[in-house]
Amino acid sequence: MLLVVAAFIVAFVLLLYMISPLISPKPLKLNGAHVVVTGGSSGIGKSIAMECYRQGAFITLVARDESKLVQAKKEVEKCAINDKQVVLCISVDVSKDYGQVESVIKQCQEKLGPVDMLVNCAGTSFSGKFEEVEVERFRSLMEVNYLGSVYPTRAVITTMKERRMGRIMFVSSQAGQIGLFGYTAYSPSKFALRGLAESLQMEMKPYNIYVTIAYPPDTDTPGLAEENRTKPLETRLISETSGVTQPEQVAKTVVKDAIVTMGLFRTVALFYLGSFDSIVRRCMIEREQSKAADKRE
Ligand SMILES: NC(=O)C1=CN([C@@H]2O[C@H](COP(=O)(O)OP(=O)(O)OC[C@H]3O[C@@H](n4cnc5c(N)ncnc54)[C@H](OP(=O)(O)O)[C@@H]3O)[C@@H](O)[C@H]2O)C=CC1
Ligand SMILES: CCCCCCCCCCCCCCCC(=O)[C@@H](N)CO
């Protein structure tokens, strides 16, 4: 009986794999394409920009800090494959004023042509126990991670629809697939991206615009180093189960996914949850035991 079920599952997956090239669109050629990367001055965004540059794209890097932008531009330029390629830098806060975001997108389209691919990677994380996270943080994470992806997307979408082409990428997180200890402020902002990406994909498909969303694990970036400064023990132990990835690796995977959209759904690994609950319980018991021991002394 079990064997039959297993055989069915294997056959189904094989079938999906075989028909996926038929139902997915033609791969996007990055050579000569204009790619806008928000959060392109650091970490995952910077690696994505470098990966696209290696494939011949023209890049606009968007972030706030000008000196980090200039530094990143130099690094991206080193990945050039021809002498026509250009890296443009734009300093703007993607989460505050929609009018501003719209006007910088206009500027970069005037210089490098219509946007072929938008990578929404600007974002920030924070971990801490729910009651210890400042209330303001819940608003700011939602603003940067969610609205900071809505605004640039909104600013490029009309032209993409007119041209009947384009790719939009959102960078969520494994913490955007399941809620985890310490991420009460961060996870919801990443879950929101999933709702946005799935709804938008349904609207955009008839216009030959494809939306992808990435769920990376912990990745070795300045952003992660900053987050680790306040990370509760539980969050650290839970995160260790999926390890730390290098930004270059994440970039390779997500860029490939965006240009060759497979359209296959990613499954949530729910079986992890049981083992995480036991980590949380163990930490609590150990903390209580050491408190009790302190009292006895
Ligand atoms: N590193 C990790 O473990 C993981 C990260 N992610 C997600 O990937 C994305 C990138 O993370 P990571 O590379 O670690 O982060 P970094 O902190 O290294 O880089 C963040 C980038 O976003 C920019 N940015 C932040 N806020 C704004 C804003 N309001 N307006 C414009 N630009 C902004 C930063 O530049 P500046 O500050 O100058 O504006 C910088 O370029 C985030 O969305 C993060 O949530 C997902 C899973 C794992
Ligand atoms: C298909 C699999 C889905 C679920 C797997 C569960 C894995 C549990 C480990 C979760 C690690 C938390 C990563 C958060 C990364 C992040 O976004 C911050 N580091 C940002 O700085």
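Basis of the calculations
Residues numbered from 1 in each chain as written. Chains lettered and ligands numbered in written order. Predicted model: local features only at pLDDT ≥ 70, side-chain atom pairs only at ≥ 80, totals over all residues. Heavy atoms only, no water. Helix = DSSP H or I, 4+ residues; strand = E, 2+ residues; numbered from the N terminus. Expected span 1.5 Å × (residues − 1). Buried < 20%, exposed > 50% of the residue type's maximum accessible area, 1.4 Å probe, protein only. Arc of directions from axis to C-beta. Contact = heavy atoms within 4.5 Å. Near = heavy atom within 4 Å. Polar contact = N/O pair within 3.5 Å; in protein donor to acceptor, adjacent residues only side chain to side chain. Areas by Shrake-Rupley, 256 points an atom, 1.4 Å probe, with all protein chains shown as cover. Nonpolar A, V, L, I, M, F, W, Y, C, P; charged D, E, K, R; others polar. Pairing = 2+ DSSP bridges. Axes fitted to C-alpha atoms, helices over the stretch in contact; angles between N-to-C directions. Core = buried A, V, L, I, M, F, W, Y, C linked by side-chain atoms within 4.5 Å. Parallel < 35°, antiparallel > 145°, perpendicular 65-115°, else oblique. Left-handed = near helix turned anticlockwise from the far one by under 90°.

*Asks:* Account for helix α3 (residues 66-77), naming residues and giving values.
*Replies:* One turn of an α-helix holds 3.6 residues; hence residues three or four places apart share an orientation. Taking 1.5 Å of rise per residue, 12 residues should cover 16 Å, and α3 covers 16 Å from first to last C-alpha, within 8% of that figure. Among all positions of α3, only L69, A72 and V76 are buried. Down the axis of α3, the smallest arc covering the buried residues is 70°, so these residues share one side. Lining the buried residues of α3 we find α2 (43-54), β2 (58-63) and β3 (87-91).

*Asks:* I'd like a rundown of the site of ligand 2, residues and numbers included.
*Replies:* Residues in contact with ligand 2 amount to 17 residues; listed here are only the nearest, S173, Q177, Y186, D218 and E227. A distance of 2.6 Å separates an oxygen atom of ligand 2 from a polar side-chain atom of S173. Computed on the free molecule, ligand 2 has an accessible area of 600 Å², of which 89% lies beneath the protein chains in the complex. Elements supplying a minimum of two residues to the shell around ligand 2: α7 (222-228), α8 (233-240) and α10 (272-296). For the shell around ligand 2, the residue count by class is eight nonpolar, seven polar and two charged.

*Asks:* Lay out the sheet that holds β2 with the relevant residues and their values.
*Replies:* With parallel pairing, six strands are arranged side by side in an open sheet as β3-β2-β1-β4-β5-β6. Two strands in the sheet have a free side with no partner beyond their single neighbour: β3 and β6 (209-214). Strand-to-strand twist across the sheet, computed as the mean angle between neighbouring axes with direction ignored, equals 15°. Relative to strand β4 (residues 117-120), strand β1 (residues 34-38) is paired through four bridges, and the arrangement is parallel. Bridge assignment links T38 to a residue of β4, and that residue is N120. Running at roughly 165° to β3, α3 makes contact with β2 and β3 of the sheet. Running at roughly 165° to β3, helix α4 (residues 98-112) makes contact with β1, β2 and β3 of the sheet.

*Asks:* Explain the nonpolar core to me, using residue names and the numbers behind them.
*Replies:* Taken as a class, soluble globular proteins show a tendency for nonpolar side chains to be buried jointly. Grouped together as the largest cluster of nonpolar side chains are 32 residues, with contacts concentrated most on L30, V35, I48, C52 and I59. Ignoring anything within four residues of it in the chain, the contact list for I48 reads V119, M169, A251, V254 and V255.

*Asks:* Could you give me a rundown of unusual backbone geometry, with the residues and numbers involved?
*Replies:* Although it is not a glycine, R164 adopts a positive phi angle of roughly 55°. Mapped onto the elements of the fold, R164 is located in the loop between α5 (135-163) and β5 (166-171). The class of R164 is partly exposed, set by a relative accessible area of 47%. A positive phi angle is found at N208, which is not glycine, with a value near 60°. Mapped onto the secondary structure, N208 falls in the loop between α6 (186-204) and β6. For N208, a relative accessible area of 36% puts it in the partly exposed group.

*Asks:* I'd like a rundown of the packing of α4 against α5, residues and numbers included.
*Replies:* The interhelical angle for the contact between α4 and α5, taken along N-to-C directions, is 45°, at an axis separation of 9 Å. The angle between the axes of α4 and α5 places the two elements in the oblique class. In terms of crossing hand, the pair formed by α4 and α5 is right-handed. Together, Y98, V101, E102, I105 and Q109 of α4 and Y151, P152, R154, A155, V156 and T159 of α5 make up the contact between the two elements. Class assignment of the residues belonging to the contact of α4 with α5 gives a composition of seven nonpolar, two polar and two charged.

*Asks:* Quick one: what's the story with the site of ligand 1, residue by residue and with numbers?
*Replies:* The environment of ligand 1 is formed by 30 residues, the closest being S41, S42, R64, Y186 and T221. Within the side chain of R64, a nitrogen or oxygen atom sits 2.7 Å from an oxygen atom of ligand 1. A distance of 3.4 Å separates an oxygen atom of ligand 1 from a polar backbone atom of C121. Within the complex, the protein chains bury 92% of what would otherwise be the 880 Å² of accessible surface of ligand 1. Mapped onto the shell around ligand 1, the elements with two or more residues apiece are α2, α6 and α7.

*Asks:* I'd like a rundown of the environment of P206, residues and numbers included.
*Replies:* When you line up the elements, P206 lands in the loop between α6 and β6. We classify P206 as exposed; its relative accessible area is 62%. The sequence separation of P206 and Q246 amounts to 40 residues, and the corresponding C-alpha distance is 35 Å.

*Asks:* An account of the environment of A175 is needed here, citing residue identities and associated values.
*Replies:* As for its placement among the helices and strands, A175 is situated in the loop between β5 and α6. What makes A175 buried here is its relative accessible area of 5%. Distance in space between the C-alpha atoms of A175 and P188 is 8.6 Å, their sequence separation being 13 residues. What A175 contacts, discounting residues up to four positions off in sequence, is Y183, Y186, S187 and F191.

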